[in-house]
Amino acid sequence: MISLKRLNLVLGNRKKIKLTLPAVDDTVVELTETVALTVLDQPTDIVDPSAKTVPISTIANDLPSVRLEALDAAATENGDPGVYRLSRNSNLGSLTVRFAIAPQSTASLDEIDLLFGSTIRQLSATDYEVTFAEGTTVADITLIPQDDNLGERQETVVLELQQSSDYFIDAGTAAVAIAASDLPVIRITAPTQPQTEGENQTFTVALSNPSSQTVTVAYTTVEGSADEQDYTGEQGQLTFAPGELSQTLTIATQDDAAVEGEETFAVRLLAAIDALVDPNQGEAQGIIIDNDAASEPVNDSLVNQLPQTRQSLRQGESLVFSAENENLVAIAAPDPQDKLRVALSVQGGTLSLANLDGLTFSRGDGKDDAQLNVAGMPEAINRALNGLRFTPDDQFSGTAQLQILSETTDPLNLQRDQDSLAFDVLPPEPTSILTRHTGNWFGVNGAESQTFKLTLAGQNTASINELGMFQVDNAQGEINGIAPGRVGYAEAAIARSRVVLSALSQFSDNLFPGLATTRHLAVDGGSYWGFYLVSNGTTDTVKTQIAQGQTPKNVAFGFANGGRLQIDEVGEDVFTLNFDDGRDQRQFNDLQVTLTPSFIPLPIGTNLQDRSQGELLDLRGQTGFQAATFRNFKEAGYNNSLGFYVVDNEAGYVDNLAPGDAGYAAAALARRVDYSQGFAGGQLFAPYLVANTTPEVFLAFNPTNRPGGGVYAYFAYLGANPDRIDHVRLLGDNTFAFEDLYGGGDLDYNDAVIQINFV
């Protein structure tokens, strides 16, 4: 910009004067500007009319910035298009911008149409340019997939801005995902008729229609009234070649001598690749017909008979073993006229017999004894045991053991049987474990640590939301003297945050049936807690923004006044947390989580999963091999490789390399493990995903994981990812969800999901 001034110049005896006009350097995006120097008429001078005004020009040096984004990042072949938006930050003058279909696109060019107005011109099969006219700042590009009736994976079309000296690039890539379409539905049917034990059971697995892709489905056997002593348990996968419609699966049954009656088991289809498992026909039942006839029991040995179901009671209660309670303790004797000797002992409490008639004691008296030795006829012994009462010691909780040793006294038929019975003494039924205070703060009553279970109950938003909790100092929600909503409170709360879980944009039970979305967290007794929601983001990215001096706009704290959390108490110590993520009219159903106390230990491996970048399996406190079962889900077009590698510490170091150091990706993948059956105890394991290829191909083509390398590996640590964004989310205990596109793509985190259950 040139400052305008009026000058008085005196030539004196000079013939000319050199005049310099400096331009002011501003930051405004402007067109080329002009200025003219005009000599004004003076009473004593004559001005040449032809040279009275001299034009001078200057060129603005502030380039506009352009941005490419996905306005609608999801498309389908059935008429739902995707939309990109190209925009610039100034409407001055005309501007031509070039873009191209990027090489990382997975959709073929003949499968898509790009529709746009007359301002966009196609230069080649993949290159385009758009010209913004004076006064315009936006150009939309519509992606219409072709409906080809082929069974295909999800495909992606990525547009990429081209560099130019006429503009800066603010955001240069955008992706639209074309949902998998025309995928066959896979179903399993049971054998046509029940089979006798010892015969094979043949199940049929079929596709609803042929596929142009190779289809793979995982399966497992599931116990019913039959267990794996009655049949050969299996888990594995079936592979359908392109065009193949049906396969059979044979399960062997065992011919035993036990009288069991008719028993059942099932074969369940788990996750499928390039097909969808029918939710109504994903499991089929096999029936095993028993071939062993019942016979009259013959009692020719001494046997202690104990209840088969594990018993439990609470402190302050008694546990009675009786026929009426269907947990009878009894002794089957070979000769009802042979006197018995019985020794009873218990840990954690005392025993009292129901009847003392006909008994003699060498230890104890049958009333409140930790140990007692009694003798009598079988009828008198069993009469005393029918109503045997266990009373726990004061303050005892845990597992109690009942030991029983019985023996005959006939010197010609000496027999003995010894058994033990474990049962659980639980803490007293709490009057109240949680107190909800005004302001939506929860207080944990008592001095003992308490475990809570949080279960995803509903999700009604297109956002990928993450739920977190944070500790406050008192029932008013203060942190270090800062009241809720005051300056510095958000930063203090996030500094104390613990990650609970993320929810996919489609409720997990609808997107991935059978996926458990439950978290267990332990908190200190006497502590106070609040909750927050990160909309379309994670706690990790929020912490990064705060560290960079930014104020996150997508964090909703659960304050009662003007907040975005409503809490419903649906039972004693049972609450529903109902969040509104700020994208609608406060309907408070965008994320719904049930909060209940839990009395079981924390699941193995979850110790670090509430921490920043803590999507890890922590087995450092475990010894020996930890067997596990796995459930895998996917909603991606990519053929991804998913696994785990060993890290040295919680920060993710591998051989003294930190996430983000040169060589980290190659070192991490060199530490990958075969986790198909479980994990070795005593170590930390972190997940990885290699997008659309194998680790071997990645290590051959882009071992440094550099941007622009064509193939990428993504980790739970943001610094190790080539785009430095979060590619892993926690959906529940030991449940990890992945985004497989560079730059985040559609950021739906449903491209790969793995859930680990330790046995």
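Here, the structure is the one placed above.
Rules used in this analysis
Residues numbered from 1 in each chain as written. Predicted model: local features only at pLDDT ≥ 70, side-chain atom pairs only at ≥ 80, totals over all residues. Heavy atoms only, no water. Helix = DSSP H or I, 4+ residues; strand = E, 2+ residues; numbered from the N terminus. Buried < 20%, exposed > 50% of the residue type's maximum accessible area, 1.4 Å probe, protein only. Contact = heavy atoms within 4.5 Å. Areas by Shrake-Rupley, 256 points an atom, 1.4 Å probe, with all protein chains shown as cover. Arc of directions from axis to C-beta. Pairing = 2+ DSSP bridges. Core = buried A, V, L, I, M, F, W, Y, C linked by side-chain atoms within 4.5 Å. Axes fitted to C-alpha atoms, helices over the stretch in contact; angles between N-to-C directions. Phe/Tyr/Trp six-rings, centres within 6.5 Å; stacked < 30°, edge-to-face > 60°. Lys NZ or Arg CZ within 6 Å of the ring centre and 35° of its normal. Salt bridge = Lys/Arg side-chain N within 4 Å of Asp/Glu carboxyl O. Polar contact = N/O pair within 3.5 Å; in protein donor to acceptor, adjacent residues only side chain to side chain.

> Which parts of the structure should I look at to understand the overall build of the chain?
Looking only at helices and strands, one finds six helices and 53 strands in the chain. Within the span of the chain, comprising 759 residues, buried residues form 45% of the whole. Taking as baseline every contact in the chain between residues at least 6 positions apart, the subset at least 24 positions apart corresponds to 68%. Roughly 37100 Å² of accessible area belongs to the chain as shown, and the carbon and sulfur atoms make up 47% of that amount.

> When you look at helix H1 (residues 378-385) in this model, what are you seeing that I'm missing?
Helical geometry: 3.6 residues make up each α-helical turn, so side chains three or four residues apart lie on a common side. Of all the positions in H1, only Pro 378, Ala 380, Ile 381, Ala 384 and Leu 385 are classed as buried. In a view along the axis of H1, the buried residues occupy a sector of 165°, so they form one face of it. Contacts made by the buried residues of H1 are with strand S25 (319-321), strand S26 (330-332), strand S27 (340-346), strand S30 (371-376) and strand S31 (388-392). After H1 finishes, the residue Gly 387 shows a positive phi value of roughly 125°.

> Whenever I open this one, the pairing of strand S51 (residues 728-732) confuses me. Can you help?
Remember that side chains alternate between the two faces of the sheet whenever the strand is regular. Counting buried residues along S51, five of its five residues qualify, which places the element largely inside the surrounding structure. Across four bridges, the pairing between S51 and strand S52 (residues 735-738) is antiparallel. Paired with Val 728 across the bridge in S52 is Phe 738. As consecutive antiparallel partners, S51 and S52 are separated by two residues, and within that stretch Asn 734 has a phi angle of approximately 50°, a positive value.

> Is there a simple way to explain the side chain of Asp 278 in this structure?
Position of Asp 278 relative to the elements: it lies in the loop between strand S21 (276-277) and strand S22 (283-289). Owing to a relative accessible area of 10%, Asp 278 belongs among the buried residues under this scheme. Ignoring anything within four residues of it in the chain, the contact list for Asp 278 reads Val 185, Ile 186 and Arg 187.

> I tried to follow the nonpolar core on my own but got confused; where do I start?
Within soluble globular proteins, side chains that are nonpolar tend to cluster in buried spots. In this structure, Phe 390 and Phe 423 are the most contacted members of the largest nonpolar core, which totals 29 residues. Dropping the residues within four chain positions of it, Phe 423 is found in contact with Gln 311, Leu 313, Leu 319, Phe 321, Val 346, Phe 390, Gly 398, Thr 399, Ala 400 and Leu 402. One finds Leu 617, Leu 642, Tyr 714 and Leu 741 within the second-largest nonpolar core, a separate group that totals 28 residues.

> Would you explain unusual backbone geometry in this entry?
Trans peptide bonds make up most of the peptide bonds, and negative phi angles are found at most residues other than glycine. At Gln 395, a residue that is not glycine, the phi angle is positive and equals roughly 70°. Relative to the elements of secondary structure, Gln 395 occurs in the loop between S31 and strand S32 (398-408). Its identity as a non-glycine residue notwithstanding, Arg 724 has a phi of 60°, on the positive side. Structurally, Arg 724 can be placed in the loop between strand S50 (713-715) and S51. Given a relative accessible area of 48%, Arg 724 falls into the partly exposed group.

> Before we go on, may I ask you to explain helix H4 (residues 539-547) in this structure?
When we look at burial in H4, the residues that qualify are Thr 539, Asp 540 and Val 542. Around the axis of H4, the buried residues are gathered within 160° of arc, so they sit on the same side. Taken together, the buried residues of H4 touch strand S37 (465-472), helix H2 (489-495), strand S38 (497-503), strand S40 (528-534) and strand S41 (555-557). At the exit of H4 stands Gly 549, carrying a positive phi of roughly 80°.

> What am I meant to see in the sheet that holds S25 here?
Whether parallel or antiparallel, the strands of a sheet pair through hydrogen bonds between backbone atoms. Sheet architecture is open: three strands sit in the order S25-S31-S28, paired in antiparallel fashion. Of all strands in the sheet, those with a lone pairing partner are S25 and strand S28 (349-352), marking the two edges. Between one strand axis and the next, the sheet turns through 20° on average, direction left out of account. In this sheet, S31 lies alongside S28 in antiparallel orientation, the contact comprising four bridges. Looking at the pairing, Ser 352 lines up with Arg 389 of S31.

> Can you help me understand the packing of aromatic side chains in this one?
Here the distance between the centres and the angle between the planes together describe a pair of aromatic rings. Across all of its chains, the model carries 29 aromatic pairs by this definition. With a centroid separation of 4.9 Å and 75° between ring planes, the pair formed by Phe 390 and Phe 423 is classed as edge-to-face. With Phe 390 in strand S31 and Phe 423 in strand S33 (residues 416-426), the pair connects residues that are 33 residues apart, well separated along the chain. We note that Phe 390, like Phe 423, is buried. Consider the rings of Tyr 675 and Phe 679, whose centres lie 6.1 Å apart with planes at 10°: the pair is stacked. Tyr 675 sits in the buried class, given a relative accessible area of 15%. Residue class for Phe 679 comes out buried when judged on its relative accessible area of 2%. Among the aromatic side chains, those forming a connected cluster through ring pairs are Phe 630, Phe 644, Tyr 675, Phe 679, Phe 685, Phe 736 and Phe 758. A cation over an aromatic ring shows up here: Arg 314 above the ring of Phe 599, its NZ or CZ 5.9 Å from the ring centre. One residue, Arg 729, lies across the ring of Tyr 749, its end atom 4.7 Å from the ring centre.

> Looking at this model, I keep getting lost on the pattern of salt bridges. Mind explaining?
If charged atoms from side chains of opposite charge come close, those side chains can pair. Applying the stated criterion across every chain yields a total of 20 salt bridges. In this structure, the salt-bridge partner of Arg 67 is Glu 69, at a minimum N-O distance of 3.9 Å. For Arg 67, a relative accessible area of 32% corresponds to the partly exposed category. Judged by its relative accessible area of 30%, Glu 69 falls in the partly exposed class.

> I would appreciate a short explanation of the sheet that holds strand S44 (residues 591-598) in the present structure.
With respect to topology, five strands assemble into an open sheet ordered S39-S36-S44-S43-S42, the strand pairing being antiparallel. Edge positions in the open sheet fall to strand S39 (518-523) and strand S42 (565-571), since each of these has one partner strand only. Recorded for the sheet is a direction-independent mean angle of 25° between the axes of neighbouring strands. Summarising the sheet, S42 and strand S43 (residues 574-579) pair through six bridges and their orientation is antiparallel. Residue pairing for S43: Glu 569 is matched across the bridge by Phe 575.

> What is the right way to look at the side chain of Ser 535 in this model?
Along the chain, the position of Ser 535 falls in the loop between S40 and H4. For Ser 535, a relative accessible area of 7% corresponds to the buried category. A distance of 3.4 Å separates polar atoms of two side chains, one belonging to Ser 535 and the other to Asn 465.

> Teacher, can you tell me more about the environment of Glu 324 here?
Here Glu 324 is to be found in the loop between S25 and S26. Residue classification places Glu 324 among the exposed positions, given a relative accessible area of 74%.

> Please clarify how the environment of Arg 187 should be interpreted in this entry.
With respect to the helices and strands, the residue Arg 187 is situated in strand S14 (residues 185-189). In this structure Arg 187 touches Thr 204, Val 205, Ala 206, Ser 208, Leu 269, Asp 278 and Gln 281, once residues within four positions along its chain are discounted. Here the side chain of Arg 187 touches Asp 278 through a polar contact of 2.7 Å, side chain to side chain.

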